[in-house]
Amino acid sequence: MAGAARVRVTQAYRFALDPSPRAERALASHVGARRFAFNWGLALVKARLDARARGEAAEVPWTLPALRREWNRQKDQVAPWWRENSKEAYAAGLEGLARALQASAPGLLWGSRGPGRLPAVLSPRVRAFAGHVRRALLGLAAGVSSGWPRGARVPALETHSSETGRQSAAPQPVRRAARAAAALVPAPALGLELRAQPVSRRAPYPGWLLFLLGAAGTAALLALLVGLLLPPAQGGALRGPAPRTYDLAVATLERARLAAEPAEALRLLDEAGSLLPAPGSRLSPAEAERATALRAEIEGERDRRTQTVRLGPPRTLLDLRPVAGDSARAGALAVSRETLFVLETESRRILRLQGEQVSVALSPGDRAGSLTLGEPWLLVTRPAGGAYVLDRERRLVLLPPDGPPRALPLRGANTWRRPVAVATFAANLYVLDPDQGQILRYLPAGGGFDAAPQPYIATGQSIDLAAATGMAIDGDIWVLVGGQQVLRFRGGRQQPFALGAALPALVRATILFTSPESRALYLAEPERGRILQYDKNGAFERQLLAPAGDTVLTGMAALYVDEQARRLVIAAGPLVLEYELPG
C-alpha cells in the first residue's frame, strides 16, 4: 500500500531430520555411545570420591583430558565394542561430564566457588579475561568433539517462496555439526535480508597485554616442541616412555594371551612390542630393566603361539676360514658315523673332519687313478661309510673315511637333463631330474653303478616336478617342490601327503631332511632363520629357532639331524655348527 509504513518481520525456520532406517540406527548408536561414556565417567568419579572418603590415595579425573585418559586406558575392557562408533561420540559424552563437574562440584578445584571459577580475591579484569579464555577453550573442545557421525546428511531443506509458490530442496552433505549450522542458513533467494549488526563495545584488554600474552604463549610452545623433538644431550637425564605406555603394552599382551585365534594373537603381540622403546634407546637402568622384562614376556608368548623351541648355544665343529680364507662358505654336508665332509663353495674343495683333525679330502684337478677330477658339485653320504661326490662332468667319486679318493663307474650320466639332487638308500643311488619329471635309480654294479638307470616313478601318473629342488629317502622318497610342498612316493607311486599349517606360514624352504632313523621330517627356511619339524603324516610339530638375537640360521646351506644322539648339524656361512636337538 502506497505511503504505508514498512514493517520488518523476523522469520525463523525449523528443519526436521528425516534419516533412513540405517542412518537412524547409526544416529541412535552414536547417541547411546555418548550416554554410555557419560555414565561410565560419572560412575568412575563417584568411585574415586568414595575411595578418597575411605582415606585411599585415589586420583579423581575432574577434567576432560583426565577423563579421556582414563577412557583410553579402560575402553577395551569396559566397552569392547567401542570401535563400532566414532570416537568423537565418546569424547562428546566425556566433555559433557567434564562441564557438569566443573559447574556442580564446588570447592574441588578452585575452593568454595567450584571448579572452573577463579577465587574472588582476583581483580574483576583478570577474572573476566580468564573466563573468556575458558569459554573459548570449551567452545573449541565442543566444536571438535560433538560432531555428527561421519557420513550423516542433512535432509532436504523445504522452503516456501512467495514469488513462485513452489517448494525447493537443497540437500547438503555434512561431516561436522559446525558445518551443519552453516548449511541451515537460509539463502538470499528466500527473500530474507541478512545484515550485520554493528556492536559498539570497549575492548576489555589493552592491545599491549594481548601481544605480550601471545608472545609468551608462542615462546612456551616452541620450547616444548624443541624439548620433545631434540634428543637429550650426552650425560643428560635419561628419559623413558610414560608409565601408561607400559601399562598399555601389558594390557595388549594380556589380550594376546586371551585371543582365541593365533593370527589375532600375533597381531596383538606385534602391537604390544611396538609400544616399547626400541632396543638401544637411552633409558635409565630401571626403565631398561622393565622394557627388557616385558619384551621377554612378549617373545615368550609369541614362541608359545607359534610352537617355537629355542636352540641352545651351538658348538663350533669346523671354521673354514683358517683353511679356505675369509671368504670361505660352507655348502653341502655328508655325515658318516664319526666323519664329516663339507663342500667349501668358494674354492670348491671338500674338507674332511675326523675328531679334531681337518684335512682336504678333494680339490679340483686331483687325480683318482687315471682320472683327473673337475669341480666337486653334489655331495651325499654313503651308507656304508664315507661319501659320494659328483663333479661338474658328472663323474662319480668315492671319498672313504680316510685315504685318497677313488673313481667309480656311473653309466648313463650323459642322458641326465637337469639333475638337482642325489640321495642314497641301502646300496642304491638316486638322482632327481626335474626336466625328465623322473627319479633315476641306480643299482650297484661293476664296483660302482655300471648299469643303466631305472625310472623310479611309475608311468601313468601326472606329476609336475619342474620346481623340485631337494630329495630325501627313508624307504619312501620325499621331494621338495617350490619351497612350500613336499611330495611322497612309495613303490614308485605318489602317496597322499600335505604339510600342516605353521605360523608364520611356510614361504620358501630350501633344505629337506629325513632318514630311516628319523621319526620326523625337517624343512629349513633360511630366510626366516628357522627349521620346521613335521611328523611323517604331515602334522606340524614345532619350529626350531636360534637363541634370541642370534641370526646364524639365516645363512643355512645344509642340515643333518641325528635324533638318537639328539644332534643337529648345520652348515652356515663359514661355520659348521652342532646344536643339541631339543627333546
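Reading the values: the criteria
- Residues numbered from 1 in each chain as written.
- Predicted model: local features only at pLDDT ≥ 70, side-chain atom pairs only at ≥ 80, totals over all residues.
- Heavy atoms only, no water.
- Helix = DSSP H or I, 4+ residues; strand = E, 2+ residues; numbered from the N terminus.
- Buried < 20%, exposed > 50% of the residue type's maximum accessible area, 1.4 Å probe, protein only.
- Contact = heavy atoms within 4.5 Å.
- Areas by Shrake-Rupley, 256 points an atom, 1.4 Å probe, with all protein chains shown as cover.
- pLDDT = per-residue confidence, 0-100.
- Pairing = 2+ DSSP bridges.
- Axes fitted to C-alpha atoms, helices over the stretch in contact; angles between N-to-C directions.
- Salt bridge = Lys/Arg side-chain N within 4 Å of Asp/Glu carboxyl O.
- Expected span 1.5 Å × (residues − 1).
- Phe/Tyr/Trp six-rings, centres within 6.5 Å; stacked < 30°, edge-to-face > 60°.
- Lys NZ or Arg CZ within 6 Å of the ring centre and 35° of its normal.
- Core = buried A, V, L, I, M, F, W, Y, C linked by side-chain atoms within 4.5 Å.
- Lys, Arg positive; Asp, Glu negative; His and termini not counted.
- Polar contact = N/O pair within 3.5 Å; in protein donor to acceptor, adjacent residues only side chain to side chain.

1. Re the overall build of the chain
Turning to step 1, where the next piece is worked out: In terms of regular secondary structure, the chain is built from ten helices and 31 strands.
Turning to step 2, where the next piece is worked out: Split into buried and exposed, the 583 residues of the chain put 39% on the buried side.
Turning to step 3, where the next piece is worked out: Across the chain, contacts joining residues at least 24 apart in sequence account for 51% of those joining residues at least 6 apart.
Turning to step 4, where the next piece is worked out: Surface summary for the chain: the accessible area is close to 33000 Å², and the carbon and sulfur share equals 55%.

2. Looking at unusual backbone geometry
The phi angle of most residues is negative, glycine excepted, and most peptide bonds adopt the trans form.
Turning to step 1, where the next piece is worked out: With an omega of -10 degrees, the peptide bond between Leu-503 and Pro-504 qualifies as cis.
Turning to step 2, where the next piece is worked out: Among the structural elements, Pro-504 can be located in the loop between strand E24 (493–495) and strand E25 (511–513).
Turning to step 3, where the next piece is worked out: Even without being glycine, Gln-307 reaches a positive phi, approximately 55 degrees.
Turning to step 4, where the next piece is worked out: Mapping Gln-307 onto the fold places it in the loop between helix H9 (285–305) and strand E5 (308–310).
Turning to step 5, where the next piece is worked out: Using a relative accessible area of 39% as the deciding quantity, one classes Gln-307 as partly exposed.
Turning to step 6, where the next piece is worked out: Notably, Arg-348 is not glycine yet its phi reads approximately 60 degrees, a positive angle.

3. Brief notes about the confidence of the model for the chain
Turning to step 1, where the next piece is worked out: Mean pLDDT over the chain works out to 79, with 76% of the residues at or above the 70 mark.
Turning to step 2, where the next piece is worked out: When mean pLDDT is taken per element in the chain, strand E22 (residues 477–481) scores highest with 98 and strand E1 (residues 153–154) scores lowest with 33.
Turning to step 3, where the next piece is worked out: Considering only residues more than four positions removed or in separate chains, one finds that residues 136–203, a stretch of pLDDT under 50, has 72 contacts.
Turning to step 4, where the next piece is worked out: The model gives residues 231–238 a pLDDT under 50, and that stretch makes ten contacts with residues more than four places away or in other chains.

4. Quick notes on the pairing of strand E10 (residues 357–362)
Turning to step 1, where the next piece is worked out: The pairing of strand E9 (residues 349–354) with E10 spans five bridges and is antiparallel. Its bridge partner lying in E10, Gln-354 is registered against Gln-357.
Turning to step 2, where the next piece is worked out: Between E9 and E10, which pair antiparallel and follow one another directly, the connecting turn spans two residues, one of which, Gly-355, has a positive phi of 65 degrees.

5. Re the sheet that holds E25
Turning to step 1, where the next piece is worked out: The strand order across the open sheet built from five strands is E5-E28-E27-E26-E25, with neighbouring strands paired in mixed fashion. One side of each edge strand has no neighbouring strand; the edge strands of this open sheet are E5 and E25. Adjacent strand axes in the sheet meet at a mean angle of 25 degrees when their direction is disregarded.
Turning to step 2, where the next piece is worked out: Relative to strand E27 (residues 530–535), strand E26 (residues 520–525) runs antiparallel, the two being bridged by six bridges. Looking at E27, one finds that Leu-521 is bridged to Tyr-534.

6. Digging into the pattern of salt bridges
Turning to step 1, where the next piece is worked out: Applying the stated rule across the entire model yields 31 salt bridges.
Turning to step 2, where the next piece is worked out: For the salt bridge of Arg-257 with Glu-254, the shortest nitrogen-to-oxygen distance reads 2.6 Å. Of this pair, Arg-257 and Glu-254 both sit in helix H7 (residues 243–258), separated by three residues, roughly a single helical turn.
Turning to step 3, where the next piece is worked out: Judged by its relative accessible area of 32%, Arg-257 falls in the partly exposed class.
Turning to step 4, where the next piece is worked out: Using a relative accessible area of 35% as the deciding quantity, one classes Glu-254 as partly exposed.
Turning to step 5, where the next piece is worked out: Between Arg-519 and Glu-541 there is a salt bridge, with its nearest N and O atoms 2.9 Å apart. Taken as a pair, Arg-519 in the loop between E25 and E26 and Glu-541 in strand E28 (residues 540–545) lie far apart in primary sequence, 22 residues in all.
Turning to step 6, where the next piece is worked out: Its relative accessible area of 47% is what places Arg-519 among the partly exposed residues.
Turning to step 7, where the next piece is worked out: Each of Arg-48, Glu-70 and Arg-73 takes part in a single network of salt bridges with overlapping partners.

7. Thoughts on helix H1 (residues 21–53)
Turning to step 1, where the next piece is worked out: Here H1 is 33 residues long and its end C-alpha atoms lie 48 Å apart, about the 48 Å a rise of 1.5 Å per residue gives.
Turning to step 2, where the next piece is worked out: Taken together, the buried positions of H1 are occupied by His-30, Ala-33, Ala-37, Trp-40, Gly-41, Leu-44, Val-45, Arg-48 and Ala-51.
Turning to step 3, where the next piece is worked out: At the exit of H1 stands Gly-55, carrying a positive phi of roughly 90 degrees.

8. Quick word on the environment of Ala-548
Turning to step 1, where the next piece is worked out: Note on placement: Ala-548 falls in the loop between E28 and strand E29 (556–562).
Turning to step 2, where the next piece is worked out: Residue Ala-548 is classed as exposed on the basis of its relative accessible area, which comes to 73%.
Turning to step 3, where the next piece is worked out: On a C-alpha basis, the gap between Ala-548 and Arg-310 in space is 7.9 Å, while along the polypeptide they are 238 residues apart.

9. A look at the sheet that holds strand E16 (residues 406–408)
Turning to step 1, where the next piece is worked out: Spatial ordering of the open sheet is given by E13-E14-E15-E16, a layout of four strands whose pairing is antiparallel. Looking along the sheet, the strands with just one partner apiece sit at the ends: strand E13 (376–381) and E16. Each strand axis lies, on average, 30 degrees off the axis of its neighbour in the sheet, ignoring direction.
Turning to step 2, where the next piece is worked out: Two strands pair when backbone bridges link them, and strand E14 (residues 387–391) and strand E15 (residues 396–399) are joined in this way by four bridges, in the antiparallel orientation. Looking at the pairing, Ala-387 lines up with Leu-399 of E15.

10. Quick look at the packing of aromatic side chains
Turning to step 1, where the next piece is worked out: All chains considered together, the criterion is met by twelve aromatic pairs.
Turning to step 2, where the next piece is worked out: Both rings, one in Tyr-388 and one in Phe-449, keep their centres 5.8 Å apart while their planes meet at 75 degrees; by these two values the pair is edge-to-face. Of this pair, Tyr-388 sits in strand E14 while Phe-449 sits in the loop between strand E19 (438–442) and strand E20 (454–455), and the two are 61 residues apart along the sequence. The pair Tyr-388 / Phe-449 is uniform in exposure class, with both members buried.
Turning to step 3, where the next piece is worked out: For the pair Tyr-534 and Phe-540, a centre-to-centre distance of 5.6 Å together with 65 degrees between the ring planes defines the contact as edge-to-face.
Turning to step 4, where the next piece is worked out: Classification of Tyr-534 by relative accessible area gives buried; the value is 1%.
Turning to step 5, where the next piece is worked out: Taking the relative accessible area as the measure of exposure, Phe-540 reaches 13% and is therefore buried.
Turning to step 6, where the next piece is worked out: Here the guanidinium or amino end of Lys-75 rests over the ring plane of Trp-82, the centre of that ring lying 3.8 Å away.

11. So, the nonpolar core
Turning to step 1, where the next piece is worked out: Core analysis: the largest hydrophobic core is formed by 37 residues, its most contacted members being Leu-340, Val-342, Leu-559, Leu-568, Ile-570 and Val-576.
Turning to step 2, where the next piece is worked out: Among all residues touching Leu-559, those that are not within four sequence positions of it are Leu-333, Ile-511, Phe-513, Tyr-522, Ala-524, Ile-531, Leu-568, Val-569 and Ile-570.
Turning to step 3, where the next piece is worked out: Counting residues in each nonpolar core, the second largest holds 18 residues, with Trp-40, Val-60, Tyr-90 and Leu-94 among its members.

12. What to know about the side chain of Arg-352
Turning to step 1, where the next piece is worked out: By the element assignment, Arg-352 lies in strand E9.
Turning to step 2, where the next piece is worked out: Here Arg-352 is buried and forms no salt bridge, its nearest opposite-charge partner Asp-402 lying at an N-O distance of 7.0 Å.
Turning to step 3, where the next piece is worked out: Among the polar contacts listed, one links the side chain of Arg-352 to the backbone oxygen of Pro-400, at a separation of 3.4 Å.
Turning to step 4, where the next piece is worked out: Of the polar contacts made by the side chain of Arg-352, one reaches the backbone oxygen of Pro-401; its length is 3.1 Å.
Turning to step 5, where the next piece is worked out: If near-sequence neighbours (up to four positions away) are discounted, Arg-352 is found in contact with Thr-339, Leu-340, Phe-341, Gln-357, Val-358, Ser-359, Ala-361, Pro-400, Pro-401, Asp-402 and Gly-403.

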